[in-house]
Amino acid sequence: DTGVSQDPRHKITKRGQNVTFRCDPISEHNRLYWYRQTLGQGPEFLTYFQNEAQLEKSRLLSDRFSAERPKGSFSTLEIQRTEQGDSAMYLCASSPAALAGRDTQYFGPGTRLTVL
Amino acid sequence: RKEVEQDPGPFNVPEGATVAFNCTYSNSASQSFFWYRQDCRKEPKLLMSVYSSGNEDGRFTAQLNRASQYISLLIRDSKLSDSATYLCVVIPYNNNDMRFGAGTRLTVKP
């Protein structure tokens, strides 16, 4: 399967714990995006990378959220001190960056986070 | 006002019906437009891009009206397999992240 993959698919954690999610983009794609989706809403943009550079992070929800893409391949999204309001689906997408703002993003299956 | 607004839905239609979804966006400088489809508990998947001249892909037709900041999707001859949530997506000018509407749910019934 050469699509975007995410791990884990489901995560249940207790309030206050830290969680980390991984995303592996399509291999030839150099742009990688993180989104959050809550029930009944469309995905909400969090951050994105071009290769290893994080080009936009002002829309991360709080300073408890951070993302990395150290070698320009896979990426991780970490949430520290989780809160119940963090419960959501976290989606990763990648794109080939053919033309800025015009290339199609392909989504992974998401990681569903439940904070108890 | 939300950046991207869609018909609230849900739409419940019989097989073979024609159904239209509307979407408006607030940023007049937006540059790219898409319709994505999302099945229940699955990831969004690209349905089609939307071009200024309008475009068609089989039973699906997308239209863009930049002056009115309005996007539409028309589905003809609805199939049971068209049942899903349809997400309107806009990319602002000189930007790369996609702005999604809340989605419109379609259920096609036999």
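To start, this report covers the structure provided alongside it. All figures in this text were calculated on a predicted structure; none of them were measured in a lab.

Residue and element names in this part refer to chain A. The strand order across the open sheet formed by 4 strands is E1-E3-E8-E7, and the pairing between neighbours is antiparallel. Unpaired on one side and paired on the other, strand E1 (5-7) and strand E7 (65-68) mark the two borders of the sheet. Strand after strand, the sheet turns through a mean of 15° between neighbouring axes, direction not considered. Summarising the sheet, E1 and strand E3 (residues 19-24) pair through 3 bridges and their orientation is antiparallel. In the sheet register, glutamine 6 faces E3, and the bridge partner there is cysteine 23.

Our next topic: the interface of chain B and chain A. Of the residues lining the interface, 20 residues belong to chain B; the matching set on chain A comes to 21 residues. Of the roughly 1700 Å² buried between chain B and chain A on both sides combined, carbon and sulfur atoms contribute 48%. For chain B, the biggest contributors to the area lost against chain A are Arg41(B), Glu43(B) and Asn96(B); these three give 30% of the whole. Inspection of the region where chain B meets chain A yields 0 salt bridges. Inspection of the chain B/chain A interface yields 3 residue pairs in polar contact (both at pLDDT 80 or more). Secondary-structure elements contributing two or more residues to the side of chain B that touches chain A are strand E4 (32-38), strand E5 (44-49), strand E9 (84-91) and strand E10 (99-100) of chain B. Counting residues per element, the side of chain B that touches chain A draws most heavily on E4(B), which supplies 4 residues. Here the residues of the side of chain B that touches chain A sort into 9 nonpolar, 6 polar and 5 charged.

What follows covers the sheet that holds strand E1 (residues 4-6) of chain B. All names here are of chain B. The sheet built from 5 strands is open, its strands ordered E1-E3-E8-E7-E6 with antiparallel pairing. Taken across any chain shown, the strands that pair with only one partner, and hence form the sheet edges, are E1 and strand E6 (55-57). Taking the axes of each pair of neighbouring strands and ignoring which way they run, one obtains an average angle of 15° across the sheet. Sheet topology note: the E1/strand E3 (residues 19-25) ladder contains 3 bridges and is antiparallel. If you follow glutamine 6 over to E3, its bridge partner there is cysteine 23.

Another aspect to go through is the nonpolar core. Within the largest apolar cluster, 23 residues are counted, with the highest numbers of intra-cluster contacts made by Phe21(B), Trp35(B), Ile71(B), Leu73(B), Ile75(B), Tyr86(B) and Leu106(B). When residues of this core are traced back to their parent elements, those giving at least two are E3, E4, strand E7 (60-65), strand E8 (70-75), E9 and strand E11 (104-109) of chain B.

Residues and elements named next belong to chain A. Throughout the structure, instances matching the rule amount to 15 aromatic pairs over all chains. With centroids separated by 5.9 Å and ring planes inclined at 75°, the aromatic side chains of tyrosine 35 and phenylalanine 45 adopt a geometry described as edge-to-face. With a gap of 10 residues between them, tyrosine 35 in strand E4 (residues 31-37) and phenylalanine 45 in strand E5 (residues 44-50) connect regions that are remote in the sequence. Exposure class is identical for tyrosine 35 and phenylalanine 45. Each is buried.

Cut-off values and rules
Residues numbered from 1 in each chain as written. Chains lettered and ligands numbered in written order. Predicted model: local features only at pLDDT ≥ 70, side-chain atom pairs only at ≥ 80, totals over all residues. Heavy atoms only, no water. Pairing = 2+ DSSP bridges. Helix = DSSP H or I, 4+ residues; strand = E, 2+ residues; numbered from the N terminus. Axes fitted to C-alpha atoms, helices over the stretch in contact; angles between N-to-C directions. Contact = heavy atoms within 4.5 Å. Buried area = accessible area lost by both parts, 1.4 Å probe. Salt bridge = Lys/Arg side-chain N within 4 Å of Asp/Glu carboxyl O. Polar contact = N/O pair within 3.5 Å; in protein donor to acceptor, adjacent residues only side chain to side chain. Nonpolar A, V, L, I, M, F, W, Y, C, P; charged D, E, K, R; others polar. Core = buried A, V, L, I, M, F, W, Y, C linked by side-chain atoms within 4.5 Å. Buried < 20%, exposed > 50% of the residue type's maximum accessible area, 1.4 Å probe, protein only. Phe/Tyr/Trp six-rings, centres within 6.5 Å; stacked < 30°, edge-to-face > 60°.

These figures come from the coordinates and say nothing about function on their own.
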